Amino acid sequence: MLTQTSSRVLEPSDLDAALAVLDRDPVANAFVAARVQIAGLDPWRLGGEMWGWYEDGILTSMCYAGANLVPICATPRAVRAFADRARRAGRRCSSIVGPAESTAALWRLLEPRWGPAREVRARQPLLVTDRMPDTVAPDPYVRRVRKDELETIMPACVAMFTEEVGVSPLAGDGGLLYQARVAELVGSGRSFARFDAEGNVVFKAEIGAATDRACQIQGVWVAPEHRGRGVAAPGMAAVLRYALADVAPVVSLYVNDFNTPARRTYEKVGFREVGAFMSVLF
């Protein structure tokens with residue numbers, strides 16, 4: 001019996017308790033919740049460990065430790081416990097990302113050992129909507145990417161990732177993991193694009209995480225030669241229509257606070273700010 005406070009690696013038998021924690025904030029936790037709903041808590045299937053923090057024997061906070069380190073509903077005491085565990089394990093992640101307050105606290109404790117970071121994005125507004133916009137018509141040419149179009153969409157995905165993160169996803173393993181992830185999104189019908197008459201990508205976006213309560217749009221990109229031409233808002237409205245009709249009743253995304261054009265586009269399509277994320281990139 002767990003009493004007082006304690007931290008441990010969660011096991012498959014802890015699934016119901018973990019899902020209850022994730023369900024406390026289905027929008028902010030969509031990324032991790034989607035993985036857990038598919039893979040459970042087995043580290044091999046999940047792609048990392050799930051650390052749990054208990055108060056009086058009750059699971060109250062968690063931290064996903066895989067390719068990303070993600071605090072989940074983490075209280076200050078839980079953050080300290082997760083930082084201790086992360087320091088002992090050593091850095092294995094490429095980023096720390098999550099709700100701004102708990103992520104900032106986690107990074108303050110880890111920076112002396114893990115720093116310096118390549119980049120810290122201290123405030124990334126978390127946006128949501130549950131309805132279609134009144135003033136922006138969906139682009140009728142935005143559609144699901146077909147499986148036979150993987151080679152066509154891949155360069156646009158690489159360009160988006162490199163612009164957004166600052167490094168190419170092809171580094172390290174030659175892009176095998178990244179290409180597998182793009183193929184997974186295409187295969188599951190969660191990759192969307194507009195192509196021009198020559199078959200080039202004009203606009204693209206993906207629904208990267210999805211549960212029955214919320215989904216998250218990611219990878220929004222407009223080809224450089226089409227920027228400033230009003231492509232993004234109708235494209236986003238089209239993806240939003242697919243998301244609301246086929247995936248979840250609430251659609252979210254997070255955006256860099258310094259990306260003024262993107263923030264204007266999302267506001268135009270009806271997204272409203274409900275919180276903030278923070279990302280620490282290594």
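Relevant structure appears above.
Here the structure is a predicted model, which is why all the values come from computation and not from measurement.

## Remarks on the overall build of the protein chain
So, step 1. Helix and strand counts for the protein chain stand at nine helices and twelve strands.
So, step 2. Against the compact-globule benchmark of 19 Å for 282 residues, the protein chain has a radius of gyration of 19 Å, which places it among compact chains.
So, step 3. For the protein chain, the spread of C-alpha atoms along the three principal axes comes to 65 × 35 × 35 Å.
So, step 4. Across the 282 residues in the protein chain, those meeting the buried criterion constitute 49%.
So, step 5. Restricting the contact set of the protein chain to residue pairs at least 6 apart, pairs at least 24 apart contribute 68%.

## What to know about helix H7 (residues 176-187)
So, step 1. With twelve residues, H7 ought to run about 16 Å at 1.5 Å a step, and its terminal C-alpha atoms sit 16 Å apart, in line with that.
So, step 2. By the burial criterion, the buried members of H7 are Tyr178, Val182, Leu185 and Val186. Summarising the axial view, the buried residues of H7 lie within an arc of 100°, below the 170-degree limit, and thus occupy one face. Away from the buried face of H7 by more than 90 degrees, exposed residues Leu176 and Leu177 are located.

## Some points on the nonpolar core
So, step 1. Membership of the largest hydrophobic core comes to 27 residues, with the highest contact counts inside it found for Phe203, Ile217, Met236, Val239, Leu253, Tyr266 and Phe271.
So, step 2. Contributions of two or more residues to this core are made by strand S9 (201-210), strand S10 (215-222), helix H8 (232-246), strand S11 (251-254) and helix H9 (260-269).
So, step 3. In terms of residue count, the dominant contributor to this core is H8 (seven residues).

## Quick notes on the pattern of salt bridges
Pairing is possible between side chains of opposite charge, provided their charged atoms come close.
So, step 1. Tallied over the full model, the rule gives 17 salt bridges.
So, step 2. Linking Asp14 and Arg8 is a salt bridge whose minimum nitrogen-to-oxygen distance equals 2.8 Å.
So, step 3. Arg146 is the salt-bridge partner of Asp148, the closest N and O atoms lying 3.1 Å from each other.
So, step 4. Judged by its relative accessible area of 60%, Asp148 falls in the exposed class.

## Remarks on the packing of aromatic side chains
So, step 1. In the structure shown here, the tally under the stated rule is seven aromatic pairs.
So, step 2. On the numbers, 6.5 Å between centres and 40° between planes, the contact of Trp51 with Phe82 is tilted. Separated by 31 residues along the polypeptide, Trp51 in strand S2 (residues 49-55) and Phe82 in helix H4 (residues 76-89) bring together distant segments of the chain.
So, step 3. Residue Trp51 is classed as buried on the basis of its relative accessible area of 4%.
So, step 4. One aromatic cluster is present, built from ring pairs that chain together Trp107, Trp114 and Phe282.
So, step 5. One cation-aromatic arrangement involves Arg85 over Trp51; the distance from NZ or CZ to the ring centre is 5.9 Å.
So, step 6. Over the aromatic face of Phe282 sits the side chain of Arg91, whose NZ or CZ is 4.3 Å from the ring centroid.

## Topic: the sheet that holds strand S3 (residues 58-65)
Through backbone hydrogen bonds, the strands of a sheet pair up, either in parallel or in antiparallel fashion.
So, step 1. If you walk across this open sheet you meet the twelve strands as S1-S2-S3-S4-S5-S12-S6-S11-S10-S9-S8-S7, and the pairing is mixed. With one partner strand each, in any of the chains shown, strand S1 (5-9) and strand S7 (143-144) form the two edges of the open sheet.
So, step 2. The pairing of S7 with strand S8 (residues 191-195) spans two bridges and is classified as antiparallel. The residue bridging Arg144 from the neighbouring strand is Phe192, located in S8.
So, step 3. Relative to S2, H4 is tilted by about 140°, and along the sheet it contacts S1, S2, S3 and strand S4 (68-72).

## A word on the pairing of strand S12 (residues 272-281)
So, step 1. As judged from the five bridges shared by strand S5 (residues 95-99) and S12, these two strands associate in the antiparallel manner. What sits directly across from Gly98, in S12, is Met278.
So, step 2. As paired strands, strand S6 (residues 119-129) and S12 are joined by eight bridges and run antiparallel to one another. Note on S12: the bridge partner recorded for Glu119 is Leu281.

## Details of the side chain of Asn256
So, step 1. Along the chain, Asn256 turns up in the loop between S11 and H9.
So, step 2. With near-sequence residues (within four places) excluded, Asn256 lies in contact with Arg121, Arg123, Gln124, Pro125, Glu164 and Arg263.

## What about unusual backbone geometry?
So, step 1. A cis geometry characterises the amide bond from Gly115 onward to Pro116, with omega recorded as -5°.
So, step 2. Residue placement: Pro116 occurs in the loop between helix H5 (100-114) and S6.
So, step 3. Phi is positive for Asp56, close to 50°, though the residue is something other than glycine.
So, step 4. Inspection of the secondary structure assignment puts Asp56 in the loop between S2 and S3.
So, step 5. The exposed category is assigned to Asp56, whose relative accessible area is 57%.
So, step 6. Positive phi values are uncommon outside glycine, yet Cys73 reaches one of about 50°.
So, step 7. Classification of Cys73 as partly exposed rests on a relative accessible area of 21%.

Calculation rules
- Residues numbered from 1 in each chain as written.
- Predicted model: local features only at pLDDT ≥ 70, side-chain atom pairs only at ≥ 80, totals over all residues.
- Heavy atoms only, no water.
- Helix = DSSP H or I, 4+ residues; strand = E, 2+ residues; numbered from the N terminus.
- Rg over C-alpha atoms; globule rule 2.2 N^0.38 Å.
- Buried < 20%, exposed > 50% of the residue type's maximum accessible area, 1.4 Å probe, protein only.
- Contact = heavy atoms within 4.5 Å.
- Expected span 1.5 Å × (residues − 1).
- Arc of directions from axis to C-beta.
- Core = buried A, V, L, I, M, F, W, Y, C linked by side-chain atoms within 4.5 Å.
- Salt bridge = Lys/Arg side-chain N within 4 Å of Asp/Glu carboxyl O.
- Phe/Tyr/Trp six-rings, centres within 6.5 Å; stacked < 30°, edge-to-face > 60°.
- Lys NZ or Arg CZ within 6 Å of the ring centre and 35° of its normal.
- Pairing = 2+ DSSP bridges.
- Axes fitted to C-alpha atoms, helices over the stretch in contact; angles between N-to-C directions.

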